[in-house]
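Coordinates in review
Chain residues, written in single-letter form:
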Amino acid sequence: QVQLVESGGGLVQAGNSLRLSCAVSGGTFSNYRIGWFRQAPGKEREFVASITWRGGSTNYADSVKGRFTISRDNAKNSVYLQMNTLQPEDTAVYYCAARSMTSSVYSSWGQGTQVTVSS
């Protein structure tokens, strides 16, 4: 039902910044939470950050708190992840996902965008 497309990934040096975008379509999203996840080679997918579409309430993983900022633009149906002070450990494929506030699982996922941080 909900489609998500990530963009903005690339190759950066440690200490630099990058902003990811997630374009959301397929309905209205006032009752949804949008999350960012990442998966590094050989590791399980992990939660990064999330935001509620209606109120903008945010959550962050401890590993990115203070460095990453999630935001959304309702008029553009987009969610952003501003990533500052990137580290090699941040290298991963980054995915955005969506779930209804009445659900306990993220059921819609994008294709992912690669972020590579060199040392």
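These notes cover the structure that comes with them.

How each quantity is defined
Residues numbered from 1 in each chain as written. Predicted model: local features only at pLDDT ≥ 70, side-chain atom pairs only at ≥ 80, totals over all residues. Heavy atoms only, no water. Core = buried A, V, L, I, M, F, W, Y, C linked by side-chain atoms within 4.5 Å. Buried < 20%, exposed > 50% of the residue type's maximum accessible area, 1.4 Å probe, protein only. Helix = DSSP H or I, 4+ residues; strand = E, 2+ residues; numbered from the N terminus. Contact = heavy atoms within 4.5 Å. Pairing = 2+ DSSP bridges. Axes fitted to C-alpha atoms, helices over the stretch in contact; angles between N-to-C directions. Disulfide = S-S within 2.5 Å.

A few words on the nonpolar core. Ranked by size, the top nonpolar core spans 30 residues in total, and within it Trp36, Leu81, Met83 and Tyr94 carry the most contacts. Residue assignment for this core shows that the elements contributing at least two residues are β3 (18–25), β4 (32–39), β5 (46–52), β7 (68–73), β8 (78–83), β9 (92–100) and β11 (113–118). Ignoring anything within four residues of it in the chain, the contact list for Tyr94 reads Glu6, Leu20, Trp36, Phe37, Arg38, Val48, Phe68, Leu81, Met83, Gly112, Thr113 and Val115.

In space, the 4 strands of this open sheet follow the order β1-β3-β8-β7, with antiparallel pairing throughout. In the strand order of this sheet, the two ends are held by β1 (3–7) and β7, each with one partner. The sheet shows a mean angle of 20 degrees between the axes of neighbouring strands, taken without regard to direction. Bridge count for β3 against β8 is 6 bridges, and the pairing is antiparallel. Bridging across to β8, Arg19 finds its partner in Gln82.

Within the secondary structure, Ser78 is located in strand β8. With relative accessibility at 10%, the residue Ser78 sits in the buried group. When neighbours within four sequence positions are excluded, Ser78 is seen to be in contact with Cys22, Ala23, Trp53, Ser71, Arg72 and Asp73.

So, on to the state of the cysteines. Throughout the structure, instances matching the rule amount to 1 disulfide. There is a disulfide in this structure between Cys22 and Cys96, and the S-S distance comes to 2.1 Å. Measuring handedness by torsion sign, the sulfur bridge of Cys22 and Cys96 sits at about 75 degrees and is right-handed. Taken as a pair, Cys22 in strand β3 and Cys96 in strand β9 lie far apart in primary sequence, 74 residues in all. Assessed through its relative accessible area of 0%, Cys96 is described here as buried.

Before going further, it helps to spend a moment on the environment of Ser107. With respect to the helices and strands, the residue Ser107 is situated in the loop between β9 and β10 (108–109). The class of Ser107 is exposed, set by a relative accessible area of 59%. Along the chain, Ser107 and Ile51 lie 56 residues apart, while their C-alpha atoms are 16 Å from each other.

Within a regular beta strand, the side chains point alternately toward one face of the sheet and then the other, so they alternate between its two faces. Burial analysis of β9 places 8 of its 9 residues in the buried class, the great majority of the element. Across 8 bridges, the pairing between β4 and β9 is antiparallel. Of the residues in β9, the one forming a bridge with Trp36 is Cys96. With 3 bridges joining them, β9 and β11 adopt antiparallel strand pairing. The residue bridging Val93 from the neighbouring strand is Gln114, located in β11. In this sheet, β10 lies alongside β9 in antiparallel orientation, the contact comprising 2 bridges. Note that in β10 the partner of Ala98 across the bridge is Ser108.

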